[in-house]
Amino acid sequence: MQKELNPELFGEKKVAKSPTVEIPANMGTVGNNYLNTDRQIFELKAQNQALADQLNKVVATVNELIKSSNIKFEKHSQLLGRLEQSHNGLATEAGQKITQLAQRVNERKSLDLKVQEMVDRHNNVIKSFEVRMNHLQKLLAEKEAQMISSQAALNEAKMEIARLKRL
């Protein structure tokens, strides 16, 4: 809708199209001025009302957007809170599991040390047993040699006795 300014407001006079009706110059201008002013006031009021209606619509829309964004913000805040709780729970659980694993590793290390000590002791026992065994084998070999020499001496003595008996 295109708006036009009243040319009479700026001192311009409008020429009437019908020459049959003659209105004195002063009266027609004053009456038209009031009518035009009333019409302009009415149009401005209508424009103001339309602008107020548009403004109310914009305000309502903005209020709805604010409400919806507040609702979304609250939902996101709640989701963030839940995620934080979940993250904290998982972090605590992971920390506990890491602590348990560290304890298990330490227990295994201590058990490995004990087993290693037992293996070392066992190896020492085996080595001492081998030393004793070698010593006993040497003694046995010596005793066998002594027995063989004793047997030989006994056999000689028997032969000597038998020879002496024959004489």
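The shown structure was predicted, so the numbers you read here are calculated from the model rather than taken from an experiment.

**Some remarks on the overall build of the protein chain**
Then comes step 1: Regarding its fold elements, the protein chain presents one helix and zero strands.
Then comes step 2: For the protein chain, the proportion of its 167 residues judged to be buried stands at 3%.

**Looking at the pattern of salt bridges**
Then comes step 1: Under the definition given, this model contains three salt bridges.
Then comes step 2: Glu93 is paired through a salt bridge with Lys97; the nearest N and O atoms lie 3.4 Å apart. Of this pair, Glu93 and Lys97 both sit in helix H1 (residues 25-166), four residues apart, which is roughly one turn of the helix.
Then comes step 3: Given the relative accessible area of 38%, Glu93 is considered partly exposed.

**What about the confidence of the model for the protein chain?**
Then comes step 1: Looking at the protein chain, pLDDT values average 86 and 81% of them are 70 or higher.
Then comes step 2: Note that residues 15-25 has pLDDT below 50 and, in this model, one contact with residues that lie over four places away or in other chains.

**Some details on a nonpolar patch on the surface**
Then comes step 1: A contiguous nonpolar surface patch, about 370 Å² in accessible area, is contributed by Phe129, Met133, Leu136 and Leu139.
Then comes step 2: Assignment of secondary structure puts Phe129 in helix H1.
Then comes step 3: For Phe129, a relative accessible area of 52% puts it in the exposed group.

What counts and what doesn't
Residues numbered from 1 in each chain as written. Predicted model: local features only at pLDDT ≥ 70, side-chain atom pairs only at ≥ 80, totals over all residues. Heavy atoms only, no water. Helix = DSSP H or I, 4+ residues; strand = E, 2+ residues; numbered from the N terminus. Buried < 20%, exposed > 50% of the residue type's maximum accessible area, 1.4 Å probe, protein only. Salt bridge = Lys/Arg side-chain N within 4 Å of Asp/Glu carboxyl O. pLDDT = per-residue confidence, 0-100. Contact = heavy atoms within 4.5 Å. Patch = residues over 30% accessible without salt bridge, like charges linked within 9 Å, V, L, I, M, F, W, Y side chains within 5 Å. Areas by Shrake-Rupley, 256 points an atom, 1.4 Å probe, with all protein chains shown as cover.

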